[in-house]
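Chain by chain, the residues:
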Amino acid sequence: MTSPIAKEVRPLTYGRRVWMDKHNRRHDVTGWHWKQPAKPLPLYGLDRLAAHPDAPVLLVEGEKAADAGASLFPDYVAVTSGGSTSATSADWSPLSGRDVTIWPDNDGPGEKYAQAAIEAARDAGARSVRAVKLPDALPHGWDVADPLPESMASEADAADILRALLDAAPQAEANVKMPPGYRMTPRGLYFTPDATGDTLPMPIWVSAPFEVMAETRDEGGTGWGVLISWLDQDRRRHQWAIPKKMAHGEGKEIAGELEDAGLNCSISATRHLRQFIASVHTKIRLRCVSTGGWHKTEQGPVFVLSNGTTLGIGRRAVAFQTTRAASGAEYATAGALEDWKREIAAYAVGNSRLAFALSVAFCGPLLDIMGEQSGGFHIVGKSQSGKSTSLYAAGSVWGKGDRDGQVRSWRGTTNGTEGIAAETSDTLLILDEMGQADSREVGDITYMLANNTGKQRAGRNGEARTRKTWRSLFLSTGEVTLATKMGEAGRRAMAGQEVRLVNIPADAGAGMGLFEALHGMPSAGDLADHIRNVARTSYGTASHAYLEALVKDRAEDEVGLSSGIKGMVGSFEVDCLPGGPVDGQVRSVVRRFGLVAAAGEVATAYGVLPWSRGEATRAAKVCFQAWLDERGGTQAAEDREAIEQVRTFIEEHGDSRFALLGSPNGEGENAQTRTNYRAGFRRFMEEGGTEYLFLPGAWKKEVCKGIDPKRAAQALRNAGYLRVGSEARMTQVIKRHLPEKGTFRAYVVDACIMGAAE
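Residues numbered from 1 in each chain as written. Predicted model: local features only at pLDDT ≥ 70, side-chain atom pairs only at ≥ 80, totals over all residues. Heavy atoms only, no water.

J.: Honestly, the environment of Gly706 in this entry has me stumped. Any pointers?
T.: Counting through the fold element by element, Gly706 comes out in the loop between α20 (696-703) and α21 (709-719). Linking Gly706 and Arg492, residues 214 residues apart in sequence, is a C-alpha distance of 8.8 Å. (Helix = DSSP H or I, 4+ residues; strand = E, 2+ residues; numbered from the N terminus.)

J.: Is there a simple way to explain the confidence of the model for the protein in this structure?
T.: Fine structural detail should not be taken from predicted coordinates in areas where pLDDT scores are low. Taken residue by residue, the protein gives an average pLDDT of 85. The fraction at 70 or more is 91%. Between residues 1-6, whose pLDDT stays under 50, and residues either more than four places distant or in other chains, the model counts 9 contacts. (pLDDT = per-residue confidence, 0-100. Contact = heavy atoms within 4.5 Å.)

J.: Can you walk me through the sheet that holds strand β8 (residues 182-185) in this structure?
T.: By definition, the strands of a sheet pair up through backbone hydrogen bonds, in either a parallel or an antiparallel sense. Strand order in the open sheet formed by 3 strands is β8-β9-β10, and the pairing between neighbours is antiparallel. Two strands in the sheet have a free side with no partner beyond their single neighbour: β8 and β10 (204-207). Sheet twist, expressed as the mean angle between neighbouring strand axes with direction ignored, is 35°. The pairing of strand β9 (residues 188-191) with β10 spans 3 bridges and is antiparallel. Residue pairing in the sheet places Tyr190 in a bridge with Trp205 of β10. (Pairing = 2+ DSSP bridges. Axes fitted to C-alpha atoms, helices over the stretch in contact; angles between N-to-C directions.)

J.: Any chance you could explain helix α12 (residues 442-450) here in plain terms?
T.: Burial analysis of α12 places 7 of its 9 residues in the buried class, which makes it a mostly covered element. Inspection of α12 places Val442, Gly443, Ile445, Thr446, Met448, Leu449 and Ala450 among the buried residues, and these make up the whole buried set. With its phi angle positive at about 70°, Asn452 sits one or two positions after the end of α12. (Buried < 20%, exposed > 50% of the residue type's maximum accessible area, 1.4 Å probe, protein only.)

J.: Help me understand the packing of helix α10 (residues 387-395) against helix α15 (residues 524-535) in this model?
T.: In a packed pair of helices, the relevant descriptors are the angle between the two axes and the axis-to-axis distance. Viewed as axis vectors pointing N to C, α10 and α15 meet at an angle of 30°, and their least axial separation amounts to 9 Å. Here α10 is positioned roughly parallel relative to α15, judged by the angle of their axes. Seen from above, α10 lies across α15 with left-handed handedness. Counted together, Thr389, Tyr392 and Ala393 of α10 and Ala528, Ile531, Arg532 and Ala535 of α15 form the full contact between these two elements. When the residues that make up the contact of α10 with α15 are grouped by side-chain class, the tally is 5 nonpolar, 1 polar and 1 charged. (Parallel < 35°, antiparallel > 145°, perpendicular 65-115°, else oblique. Left-handed = near helix turned anticlockwise from the far one by under 90°. Nonpolar A, V, L, I, M, F, W, Y, C, P; charged D, E, K, R; others polar.)

Pasting the structure below:
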């Protein structure tokens, strides 16, 4: 998890300092030194505190807030210990016997500081400790020195609102109740066993210091855990909601995960760490979720990323809980949004495939809003055509755009892909190089991803375990299509699979592979290299900016948001579909393309994509038309396959397995031809042309092997290739008479099927 840039304070202190330099010379200087005073440090505002011994105390975070508090509330003494991490370094003894009210900043560090200050003030002997409850409408990061947002108050009544918040502050409660024998110090967590006899036990070091933030549980009151936070040796912030059931596991799993995420743990004291996790209690309760994406809270919708980042007005009520401490590293951020817009997104203008891939990246969060199912797009083409470049660009929306970040490989098991799908719910799942997939599993993986749910499994006692679920758009590349890959294992791609993962040709037709416009780059290869390099250094910021705006719009007017998106999808469908009958499969796919277009337009409206209005829609239309051309029309895939299968049978066996009719007797079998393993007859029509008469047995067992023979006949009939009976009955199987063989029934197919372009 990437931490925000920390504020650096360089102290300048007046006093005596004695030290030895590198030449072993002793110095003894009284004056100003760039050095922090000896701890504990005095409170800022200590002079005001001493001058007003009976005044209530307002405790805030930071000197700026303390000065603002003194101006807003002259009847209070405003003090602070410094920044959000200063609570353990301050001398809190001047608060003894005082009435203290804590005013936290409106962010995570502010909450942590407030909790630490509550415990410190109580330990110092404060007479009472209260904490201001901040309204949900305040922006993230707000403190008492900032003006109130216009939606809450005008300048005239802002002071009254702030005074009301201060006066209504409830009694503060310490958040963490430590288990017996445990204490947290600046050096870490220690456990002191009970004394036995006259010997005082030595404290046992358990781990490096961390902060217990809250206990977690799911909506049903199960899945309890403990949310902790810590800094690694590089001063990067981590947090993990540890499932409490892990405390009753093998014993080393918790310590191993913490070590992997930068929190040093004692090898010999893992049982004490497990006992602490199982026994610690907190006042703060959060709802735990095990999948990322959208979640509902009492305050409003929340979007959760699998690195623990939560966005939305109810973000403080939710925590992401998993058995891995380092989960979600793929959702890290780097660089600035403006750099990403200039160096990646701007190059997608005029490049339909690249613009479409970026629009797909923003589409995942819209699935839940619109109630749409998961689905995917497969960019297929020859090697070095730029396919992977589109994945790097799309991946950079959510995290690092490379194979060690957002871009995963098709080379994996169904179970492994299931876990990745759950982690990327409502975001984007990227799978590169289908050619590396197991041809026996690739079809099952496609079905699983599009059906939003994993495999049903049984527990140790045979009871059904909870299945993993998700909503996700997935973006794939490969040199082969899904049908070709499944064919390697002798399996047939079903129409449902090809609708769930639609093929888009990588070649845009401009002679530059994926690209149509180079924007001043010397070649397509140079543009691809540029995008890949930037995707590794500037990433993740676009999704955060997009989600901040989207969560806000959904909380304020979800009906209006979904209605606007629905209108864009509907217009796209009308513009892209030709007149006449259109199969439901095509309508389903065109809606998915339309949703991608809408996502790109929404991101453009939010200012995340630096495109003009309509750019995302144009790219989606080009890609949809390319898919439709490759597909061969708007009829059902099963019908197209049936027609193609009948046509192929005639191509392979037209002379050898269809007896030629046309003997001297008229309708009899031509004696000059010989037919083995006859499937039917063929004859020349008086009005011109040829017809093939398929015997029912051969039609069902051979011609329509693997497909529904009745549906195949119906498809040929609808296309005008199958002759039917009388107008009254319109039967698919009609009677024919041969003098030598009598009357028989047959499927009669017109030879025009051989020259038709489907």
